[in-house]
Structures are given as structure tokens and as C-alpha cells.
Amino acid sequence: MASASIISDFEDKSAKGKLPDLFKLVDQEKRNLVQLLKDAVSIPSIAHEEKHFSDILEMLNFCKKELTSLGAKVQVINVNQETEKSPPVLFATLIADELVINKTICVYGSVDMPPLTKSKQEKNSFQLIEKNERLHGYGVTQNKGPLTCWLNALKVYKKAKNRIPINIKFVIEGTAESHSSSLKRAIQLKPDFFNDIAYYCLTIDKKVNNIPCLKYGFRGTCHFSLEINCGGKNVHTGSYGGAFQQPLLNAVNVVGSLFDKNGKISVTKLVKEVETLSLEEEKYCKEFPFNVEKLKEEVGTKRLKHKEKSIRLLIHKTRLPTISVHNFNMSINSDDIHNLAFASNKVTVNFSVRLVPNQTAEETFQILENHIKQIWHENGNVNFYNFKMNFGYDPWKENPSSPHYRAAAEAIKIVYKRNPLYVCEGYTLPAVSIIAEEFFESDLIVIPLTCVENDVQSNMESISIIDYINGIKLLIAYMCEIHDMK
């Protein structure tokens with residue numbers, strides 16, 4: 001526990017001036033800080049499994065108890081609908097000083113995790129094991145590690161008998177693995193909760209090559225299904241071949257019309273408004289530690305596109321739109337030898353589009369719906385079709401030169417003694433898209449605390465003790481930098 005001399009040294013210092021003593025206290029309390037993570041890991045809050053729904057509730061109650069003990073006012077937002085059972089969302093508010101107007105940040109966290117793979121026993125995955133200076137346990141990197149880093153950072157302030165330098169609000173959900181469906185409903189139920197928030201911070205996702213980074217953009221995504229039907233039953237091609245249009249060929253023709261011969265998107269309206277790469281972003285791309293051979297290994301291919309030039313590959317996989325065809329589902333079992341002479345009467349093709357700034361999911365749906373209608377008419381198709389968007393999330397991008405990002409970069413320099421990488425990702429995080437959409441002028445940042453080497457979402461998930469402790473220190477430094485922002 002902190003000595004009286006350390007606590008007395010906190011008197012009359014600026015927020016940042018207290019960092020050396022706070023960091024010293026973090027090191028002294030390392031065992032207790034790790035214990036909180038151990039307690040969180042022991043709760044098997046697995047998504048998509050009815051038997052673990054109560055565990056998600058228990059994990060939310062764990063967060064509620066911890067936040068309440070820190071002095072936060074916690075609201076439990078019930079988002080259940082008649083046709084769907086969902087865990088509640090926690091809203092919590094921790095005021096630095098009732099008599100002083102301070103900046104307010106909103107911290108996002110989640111407690112649900114993907115189902116375990118069958119290769120490991122579930123029992124062992126929920127025991128935090130320390131081995132070779134690493135902490136092993138399911139959730140230590142994906143969500144429970146970052147979330148307990150926040151709780152521990154606040155605990156350090158409390159143990160030091162020192163006020164936190166800023167106001168903090170928490171939004172903690174249990175449906176991150178289900179497109180954050182509860183998050184959107186909770187925000188819409190309690191919009192006033194967000195009125196005084198200046199900055200949003202999400203300590204999710206992963207570092208790049210274990211290098212501290214700030215993420216300022218994620219592509220959006222929209223997933224589509226095109227169902228084509230020629231009648232009520234599968235058709236025998238010996239008896240009727242040539243007398244009807246085959247739904248599979250219709251589907252292939254429509255999908256083929258989305259690309260030119262080189263695989264580029266041929267629907268011009270879809271790419272018309274895509275913004276060009278700025279000089280600043282070109283600089284970030286050149287600084288990114290991109291490994292072509294590693295990408296080939298991850299994809300499982302011997303040859304990549306774009307002449308395997310690293311900058312072009314990086315730009316295409318993170319900053320330009322793409323269309324991906326996932327599968328063709330047919331109403332007939334083609335593996336059955338008795339069906340070899342039959343053509344499927346119904347075919348559904350599933351595909352998705354990754355979106356970049358200046359594109360939206362709704363506009364993309366309208367463009368593709370009009371395109372398919374035109375192709376259908378031009379080809380003289382007589383079959384019936386139904387086109388729908390299963391879900392859509394808009395892209396998100398912030399200005400990495402803003403004061404908020406500069407403050408976070410300073411915090412990284414204090415803890416890691418280096419400048420961060422600035423990263424734009426090609427995948428989609430629904431929570432980011434939802435917050436950015438609901439609060440259009442939000443100043444949002446993503447600060448990863450864990451790295452890809454930690455086997456995120458695997459049963460062997462682990463984090464080094466030094467990474468976990470530095471994550472706590474980074475959040476303390478980040479709060480101080482936000483406090484000192486002009």
C-alpha cells in the first residue's frame with residue numbers, strides 16, 4: 001500500500017506532475033491490480049450461448065460493483081424487446097470534483113466474448129494463470145484486460161487519495177459479439193446521458209506488431225442477400241432444360257456485373273464519391289510496418305494482387321471500398337448423386353461491401369438495388385428476385401492531428417518513450433460505427449492496449465504482465481493529458 005510520504009507528495013501538484021508517484025504506486029500495487037483481472041476472467045461471460053447469459057449478467061454486475069466502490073453513479077439500462085432477450089447496458093458517471101468544471105470523457109467497454117473453440121477445455125480457460133511473465137486466460141486481451149485497466153487506473157487514484165483529473169462516463173455492454181445491438185438501443189433510450197461528453201475513448205482492438213498506436217479510422221460494411229427463384233420445385237434438366245431460366249446463372253450474371261475483368265468495382269456510382277488519399281495518410285502508410293510475406297501466409301495464398309507492392313496492398317485493404325462474394329446457397333444438395341440432373345429452383349448469393357469515408361450503408365444499398373434492377377431488365381430475366389441488406393455500418397474516420405489525438409500521443413510518449421503509429425483499419429467495429437453515427441460530431445479515439453501476438457479471441461489468449469501494467473499507466477497519463485488540453 002502507498003506510504004504516507006508518497007501520498008503527501010501529491011499535494012499541490014498539477015495533474016501531470018503527479019504521474020511519477022502514481023506510476024510508482026501502480027508498480028507497488030501490481031499484485032492487487034492483476035487480482036482484479038483474475039476475478040474478471042473467472043466469469044465465463046460467453047456470447048451466443050443461453051447457458052452463459054447469466055454469466056454476462058454477472059460480469060455486468062461485477063463492473064457495477066467496482067464502479068460503485070469507486071464512487072460512480074451507475075444506471076442499468078434495460079434494452080429487452082418482446083421478441084429478443086438482451087443483457088442490459090451499464091451507464092456510469094464519475095465526477096472528479098463537484099465544484100470544478102472539468103472535461104468529460106466517455107469510455108466504452110464490453111464484457112461478452114466469442115464462444116470457445118472445442119480444442120480447449122472451458123474450465124481451464126477461465127483461470128488466470130501466470131507463466132513466463134505472461135497472464136493467460138480467456139478475455140485478458142480482448143475486453144476484460146482493457147476494461148480492468150480502466151478500473152485499476154481509477155483504483156490507483158483512490159488509493160493515492162487523489163481526485164481523478166477529469167470526469168468519466170462509462171458505457172459497458174454485453175452484446176459486442178452480436179453487432180452491439182444493445183448499445184444502439186441504450187443510447188437511443190438515454191440520449192441526455194451523452195450531452196456533456198467532450199471525448200469518446202475506446203480501448204479496444206490491438207496494437208500493430210506490439211507497437212503503441214492510435215487508430216483513427218475503420219471501414220464500414222454492409223452485408224447483402226440476393227435471392228432468385230424460378231418456381232416451387234427443383235427442375236429436372238433432362239426433361240425441361242432449355243425451357244426455363246436457371247436461377248444460378250441469373251445470380252452469377254448479377255455478381256459478375258459488379259466487377260470488371262480485372263476484379264475492380266465496375267459500378268461507378270459506388271466509387272464516385274470516395275475521397276482521395278491525403279499527403280498525411282500517405283505518410284502514415286509509409287510508416288506502417290507492412291510485411292507482404294506475412295500477409296500471404298495469413299491469407300493462405302502464394303500470390304497477392306497489385307504486384308505485391310506493400311503500399312498499394314495496404315491502401316486497397318484499408319482505405320478503398322471492396323466487394324466480397326461469400327457464398328451461393330442453393331435449394332438442392334449438389335453432393336447427392338440423385339440430384340446431378342436437377343437445377344436448383346432457388347439460389348441465394350450473399351455478398352458484402354466494405355465502405356470508406358463519403359460512403360454510407362444506406363446509399364450503397366440504394367445504388368446496388370438500382371444497379372441490379374437495371375441488369376435484370378437488360379438481361380431480360382423472367383425469374384423473381386428479392387434483394388435486401390442484412391445489416392450495415394458506416395465507416396468512421398477522425399482527424400489524427402486533432403488536440404485529442406495529440407494528447408493521447410503525448411500519453412504514449414510518457415509511458416512507452418516513443419511516438420505512436422497512426423493506423424486506419426480495413427475491418428469494421430460496430431461499436432465505433434454506432435457511437436460515431438449517434439453522435440455525429442463526437443471526438444472519438446481508439447487506443448489499443450493489447451497486441452496481435454496475444455492470440456486475441458483464442459483459448460490461449462495471454463498478455464504480458466508489463467503490457468498490462470503499462471496499459472494502466474497509459475490510461476492514467478491519458479487522463480492527465482486530457483485535463484491539461486487547452
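Refer to the preceding data block for the structure.
Heads up: these notes are all about the structure in this document. Numbers given for residues are sequential positions, taken from 1 along each chain in its written order. Per-residue local features of the predicted model are confined to residues with pLDDT of at least 70, and side-chain atom pairs are confined, for both listing and counting, to 80 or more; whole-chain, interface and lining totals are unaffected and use all residues. Excluded from the side-chain calculations are hydrogens and water; all other atoms, namely the structure's heavy atoms, are used.

**Side note on empty space enclosed by the protein**
Points on a 1 Å grid, built from protein atoms alone, make a cavity when a 1.4 Å probe fits but cannot get out and make a pocket when they are open with protein on both sides within 12 Å along at least 5 of 7 lines; residues with an atom within 4 Å of a point are the lining residues. Grid points are joined across faces, edges and corners, and a volume is the space filled by probe spheres set on the points. Summed over the entire model, instances satisfying the criterion amount to three cavities of 30 Å³ or more. Looking at the largest cavity, its volume works out to about 60 Å³. Looking at the largest cavity, the residues that line it are V107, Y108, G109, S110, Q142, N143, P146, L147, W150, T203 and I204. Mapped by element, the contributors of at least two residues to the lining of the largest cavity are β3 (104–110) and α6 (144–159). Note on conventions: DSSP H or I runs of at least 4 residues are helices, E runs of at least 2 residues are strands, and numbering of each starts at the N terminus. Sorting elements by how many residues they give to the lining of the largest cavity places β3 first, with four residues. By residue class, the composition of the lining of the largest cavity is six nonpolar, five polar and no charged. In the scheme used here, Gly and all other residues not listed as nonpolar or charged are polar, with Ala, Val, Leu, Ile, Met, Phe, Trp, Tyr, Cys and Pro taken as nonpolar and Asp, Glu, Lys and Arg as charged.

**Considerations on the packing of aromatic side chains**
Between 30 and 60 degrees the pair is tilted, below 30 it is stacked and above 60 it is edge-to-face, where a pair is any two Phe, Tyr or Trp rings, Trp via its six-membered ring, whose centres lie within 6.5 Å. Taken as a whole and judged by the stated rule, the model has 20 aromatic pairs. For the ring pair F126 and Y138, a centre distance of 6.1 Å and an interplane angle of 75° mean the geometry is edge-to-face. Here Y138 lies in the loop between β5 (134–136) and α6 and F126 lies in the loop between α5 (122–125) and β4 (129–131), a separation of twelve residues in the sequence. Taking the centre distance of 5.7 Å and the plane angle of 55° together, the rings of F218 and Y427 count as tilted. Separated by 209 residues along the polypeptide, F218 in strand β9 (residues 213–218) and Y427 in the loop between β17 (421–425) and α16 (430–438) bring together distant segments of the chain. Overall, the relative accessible area of 3% leaves F218 in the buried class. With relative accessibility at 26%, the residue Y427 sits in the partly exposed group. For every residue, the accessible area obtained with a 1.4 Å probe (protein chains only) is divided by the maximum for its type, and the residue is called buried under 20%, exposed over 50%, and partly exposed between those limits.

**Remarks on unusual backbone geometry**
Of note in this structure, S180 is not a glycine but carries a positive phi near 55°. In this structure, S180 sits in the loop between β6 (167–173) and α7 (181–189). For N210, which is not glycine, the phi torsion reads 60° and is therefore positive. With respect to the element layout, N210 can be found in the loop between β8 (206–207) and β9.

**A look at the nonpolar core**
What tends to happen in soluble globular proteins is that the nonpolar side chains get buried as a cluster. To form a nonpolar core, buried Ala, Val, Leu, Ile, Met, Phe, Trp, Tyr and Cys residues must be joined to one another through side-chain atoms within 4.5 Å. Of all hydrophobic cores here, the largest spans 105 residues; its most connected members are W150, I168, F194, I476 and Y478. Between two residues, a contact is recorded if the distance between any of their heavy atoms is within 4.5 Å. When residues no more than four places from it in sequence are discounted, the contact partners of W150 are I105, V107, I168, F170, C201, T203, L475, Y478 and M479. C222, I323, L355 and W376 belong to the second largest nonpolar core, which has 24 residues in total.

**Considering the packing of helix α2 (residues 19–28) against helix α17 (residues 465–484)**
The interhelical angle for the contact between α2 and α17, taken along N-to-C directions, is 155°, at an axis separation of 10 Å. With respect to their mutual orientation, α2 and α17 come out roughly antiparallel. The interaxial crossing formed by α2 with α17 has right-handed handedness. Contacts from L19, L22, F23, V26 and D27 in α2 reach I469, I472, K473, I476, A477 and C480 in α17. Residue composition of the contact of α2 with α17, by class: nine nonpolar, no polar and two charged. Each axis is a line fitted through C-alpha atoms, and for a helix only the stretch in contact is used; angles between axes span 0 to 180 degrees, taken between their N-to-C directions. Should an angle fall under 35 degrees it is called roughly parallel, over 145 degrees roughly antiparallel, and 65 to 115 degrees roughly perpendicular, with every other angle called oblique. In this scheme, a crossing is called left-handed if the near helix is turned counterclockwise away from the far one by less than a right angle; it is called right-handed if the turn is clockwise.

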